[in-house]
Amino acid sequence: MKSRLPVLVAFISGALMILAFFGRGTVVDAVSDRALTWQTIVGGFSLLLGAVSIARVHWKKVATKHEDRLYSLCLLICFIVMGGSGVINGIGSGTLFDTLFQRIQAPMMSTMFSVLAFFIASAAYRAFRARSVSSAILLVAAVLVMLGRIPMGQYIYHGLPSWADWIMTVPSMAVQRGILIGAALGAASMSLRIILGIERTYLGRG
Amino acid sequence: MHGTAAMDVSGKSFWERLQSVDRRILYTLIFASVIIPILWPLHLPTPVTPESRAFFNAVDSLPSGSVVLFPFDFWPSTLPETEPMAVAGLRHCFRKNLRVVGLSNVGMGGPSIADRLLDSIGSEFHKTYGVDYVNLGYKANYSAVLLGMGSKIADIYPADHRGTRLDSIPLMRQVPNYDSVKFVLIVSDNAMTDYWVALVNARYGLPMVAGVTAIMAPKMLSYIQSHQLLGLLGGMKGAAEYEQLIDHSDKASRGMDAQSLIHFLIIAFIILGNFGFFMLRREQSQKGQN
């Protein structure tokens, strides 16, 4: 019963969603709507679970004097200040939470992401070598796309933007489509395996 | 520099040194490439791609008063790329007197960014919150949110981001579900665009366009070919093109100068490194023959 019940719930939920997709306005659709509302509530609780879990992990590091305890302490302080200000004053415009987010967190995250430009440039210069035919093809394609995607490209050669577009919309897209179809087929087969109870790893067993 | 290239104190030949320029020099040049165009803009023209033009045309053809769903599905880390798209999109919508329903499937920061941009661009066009635009905020579990709004938005979002009940908001009283929505304008830096296409376009047939980061654009082009997306803005370049189309140059247009120089610099260094690599290989093979 311990394993049958979750499998049954998975089967009913999955089958319900598939049927609802094709039967808009039917009873199945109405039932699936109710299930979707429950799903958002469960989603809220899973966020809470995540928050509690991260707080526990880092509190443990501080309590056991782990070598990274300062980072954990910093995380816990930020966690309490951000979470506390949101719970006490709300998260709307002009609140402490919003100010902390707009003035500190958002610029810090943008900065971290921007720093990547330096590393990418350095890595591209050091690693991008035409050591074989395939890497030479990749190198030429990358240079053409990079040049074709910037305004300066058309000054070098007016046909560069259209060459870059061709690379993006024909060979690159053919590969992308293949990956998309492959991933979709994989997701569909995995979903079917879960719905039919063949795949049970989500129950916590191999 | 012919034959055996000159050696430096570290014992490296000239061709080897060409392949290992100190990263501090590279970083300084990149820093200069970003700063110089900001201080002295180059005003390089950006040619408009068909995808960006299709994006513009799709929004431009909407009748005045139409309701546009505007997901702000991006993290603060990609703001330099995504914010210009969202700003230009909002400007275009408000200029056309379209009514905007903002929301976010990114919990960390999405709703706050949406609030800030909706309020600042809304005030630029003298729009009123609750009448011309609204911010629904964030709800966990995107698949349930995207599908659930098709039946009843108030079931998923009982209140907006500011805590006002949806039935007290004049705009939302007229928008019970997707049937009242004319169009979806997605700005995203993650897989949410795929879910909007797969769950909302496929099931409810809502027309949509997307502004995504440059790294995501090649994948999204396949949705353009299948007509599941009507238009696409790819990265800062896409945003700059859109700014050009709505005739309002802003951050993206300025950023394109810097991006141009950086791309150029990276390409120059890649060519330099490869030149050194080939010359060294040639030198080594000549040595081997001797």
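Every value quoted in this text rests on a predicted model; they were computed, and no experiment measured them.

### Points about the overall build of chain B
- When helices and strands are tallied, chain B shows twelve helices and six strands.
- In terms of C-alpha radius of gyration, chain B reaches 24 Å, well past the compact-globule figure of 19 Å for 290 residues.
- Projected onto the principal axes, the alpha-carbon positions of chain B cover approximately 85 × 40 × 35 Å.
- Looking at the 290 residues of chain B, the share that counts as buried comes to 57%.
- Residue pairs at least 24 apart in sequence account for 72% of intrachain contacts in chain B once pairs closer than 6 positions are excluded.
- Split by element, the accessible area of chain B, about 11700 Å² in all, is 58% carbon and sulfur.
- Charge-centre separation for chain B: the mean point of 25 positive side chains lies 2 Å from the mean point of 24 negative side chains.

### As for the side chain of E51 of chain B
- Topologically, E51 of chain B is positioned in helix α3 (residues 50–60).
- For E51 of chain B, which is buried and forms no salt bridge, the nearest opposite charge comes from R149 of chain A, at a distance of 5.8 Å.
- Excluding anything up to four places from it in sequence, E51 of chain B contacts T169 of chain A together with L221, I224, G231 and L232 of chain B.

### Some points on the interface of chain B and chain A
- Chain B puts 73 residues into the contact, and the matching count from chain A is 54 residues.
- Together chain B and chain A conceal approximately 5700 Å² of surface at their shared face, both sides included; 65% is due to carbon and sulfur atoms.
- Contact with chain A buries surface across chain B, with R203, I267 and I270 of chain B losing the most and accounting together for 11% of the total.
- Where chain B meets chain A, there are one salt bridge.
- Note that D29 of chain A is salt-bridged to R203 of chain B, the shortest N-O span being 2.8 Å.
- At the junction of chain B with chain A, the criterion picks out 18 residue pairs in polar contact (both at pLDDT 80 or more).
- With 15 residues, helix α12 (residues 251–289) of chain B is the largest single contributor of residues to the side of chain B that touches chain A.
- In terms of residue class, the side of chain B that touches chain A is made up of 36 nonpolar, 23 polar and 14 charged.

### Observations regarding unusual backbone geometry
Residues and elements named next belong to chain A.
- Positive phi outside glycine occurs at K65, with the angle close to 55 degrees.
- Looking at the secondary structure, you find K65 in the loop between α2 (27–63) and α3 (69–89).
- Taking the relative accessible area as the measure of exposure, K65 reaches 63% and is therefore exposed.

### A short note on the confidence of the model for chain A
- Of the residues in chain A, 99% have a pLDDT of 70 or more, and the chain-wide mean is 87.
- The spread of mean pLDDT over the elements of chain A runs between helix α6 (residues 151–156) of chain A, the lowest at 80, and α3 of chain A, the highest at 92.

### Looking at the nonpolar core
Residue and element names in this part refer to chain B.
- With 112 residues, the main nonpolar core has M149, L185 and W196 as its most contacted residues.
- Here this core gathers at least three residues from each of two domains, domain 1 (14–40 + 258–289) and domain 2 (50–249).
- Not counting residues up to four positions away in its chain, the partners in contact with M149 are L69, L103, I156, Y157, N177, Y178 and W196.

### Quick word on the environment of Y129 of chain B
All names here are of chain B.
- Among the structural elements, Y129 can be located in the loop between α5 (110–124) and β3 (133–138).
- Sequence spacing of Y129 and I169 is 40 residues, and the spatial spacing of their C-alpha atoms is 8.9 Å.
- If we skip the residues at most four places from it in the chain, Y129 touches D119, V134, N135, D160 and R162.

### Brief notes about the domain arrangement of chain B
- When cut into domains, chain B gives domain 1 (14–40 + 258–289) and domain 2 (50–249).
- Distance from the C-alpha centre of domain 1 of chain B to the C-alpha centre of domain 2 of chain B: 41 Å.

### A few points about the packing of aromatic side chains
- A full pass over the atoms with the stated rule returns 16 aromatic pairs over all chains.
- With a centroid separation of 5.6 Å and 90 degrees between ring planes, the pair formed by F118 of chain A and Y27 of chain B is classed as edge-to-face. Of this pair, F118 of chain A sits in helix α4 (residues 96–127) while Y27 of chain B sits in helix α2 (residues 23–39), which puts the two residues in different chains.
- Taking 5.0 Å as the distance between ring centres and 70 degrees as the angle between the ring planes, the aromatic pair formed by F14 of chain B and W15 of chain B counts as edge-to-face.

### A few points about the packing of α4 of chain A against α5 of chain B
- One way to put it is that α4 of chain A packs onto α5 of chain B with a least axis distance of 10 Å and a crossing angle of 90 degrees. By the angle between their directions, the pair α4 of chain A and α5 of chain B is classed as roughly perpendicular. Seen from α4 of chain A, the contacting residues are F97, D98, F101 and Q102 of chain A; seen from α5 of chain B, they are S112, I113 and R116 of chain B.
- Its residues assigned to classes, the contact of α4 of chain A with α5 of chain B comprises three nonpolar, two polar and two charged.

### Some points on the pairing of β3 of chain B
Residue and element names in this part refer to chain B.
- For β3, the buried fraction is high: five of the six residues fall into the buried class.
- The pairing of strand β2 (residues 99–104) with β3 spans four bridges and is classified as parallel. Looking across to β3, one finds that S104 is bridged to Y138.
- One crossover worth recording links β2 to the parallel β3 by way of α5, and it is right-handed.

### Description of the sheet that holds strand β1 (residues 67–73) of chain B
Residues and elements named next belong to chain B.
- Across the sheet, six strands lie side by side as β3-β2-β1-β4-β5-β6; this open sheet has parallel pairing. Each edge of the open sheet is held by one strand with a lone partner, namely β3 and β6 (232–234). Looking at each pair of strands side by side, their axes are set apart by 15 degrees on average, direction ignored.

Conventions adopted
Residues numbered from 1 in each chain as written. Chains lettered and ligands numbered in written order. Predicted model: local features only at pLDDT ≥ 70, side-chain atom pairs only at ≥ 80, totals over all residues. Heavy atoms only, no water. Helix = DSSP H or I, 4+ residues; strand = E, 2+ residues; numbered from the N terminus. Rg over C-alpha atoms; globule rule 2.2 N^0.38 Å. Buried < 20%, exposed > 50% of the residue type's maximum accessible area, 1.4 Å probe, protein only. Contact = heavy atoms within 4.5 Å. Areas by Shrake-Rupley, 256 points an atom, 1.4 Å probe, with all protein chains shown as cover. Lys, Arg positive; Asp, Glu negative; His and termini not counted. Charge placed at Lys NZ, Arg CZ, Asp CG, Glu CD. Salt bridge = Lys/Arg side-chain N within 4 Å of Asp/Glu carboxyl O. Buried area = accessible area lost by both parts, 1.4 Å probe. Polar contact = N/O pair within 3.5 Å; in protein donor to acceptor, adjacent residues only side chain to side chain. Nonpolar A, V, L, I, M, F, W, Y, C, P; charged D, E, K, R; others polar. pLDDT = per-residue confidence, 0-100. Core = buried A, V, L, I, M, F, W, Y, C linked by side-chain atoms within 4.5 Å. Domains from an automatic or database assignment. Phe/Tyr/Trp six-rings, centres within 6.5 Å; stacked < 30°, edge-to-face > 60°. Axes fitted to C-alpha atoms, helices over the stretch in contact; angles between N-to-C directions. Parallel < 35°, antiparallel > 145°, perpendicular 65-115°, else oblique. Pairing = 2+ DSSP bridges. Right-handed = clockwise from strand over helix to strand, strands pointing away.

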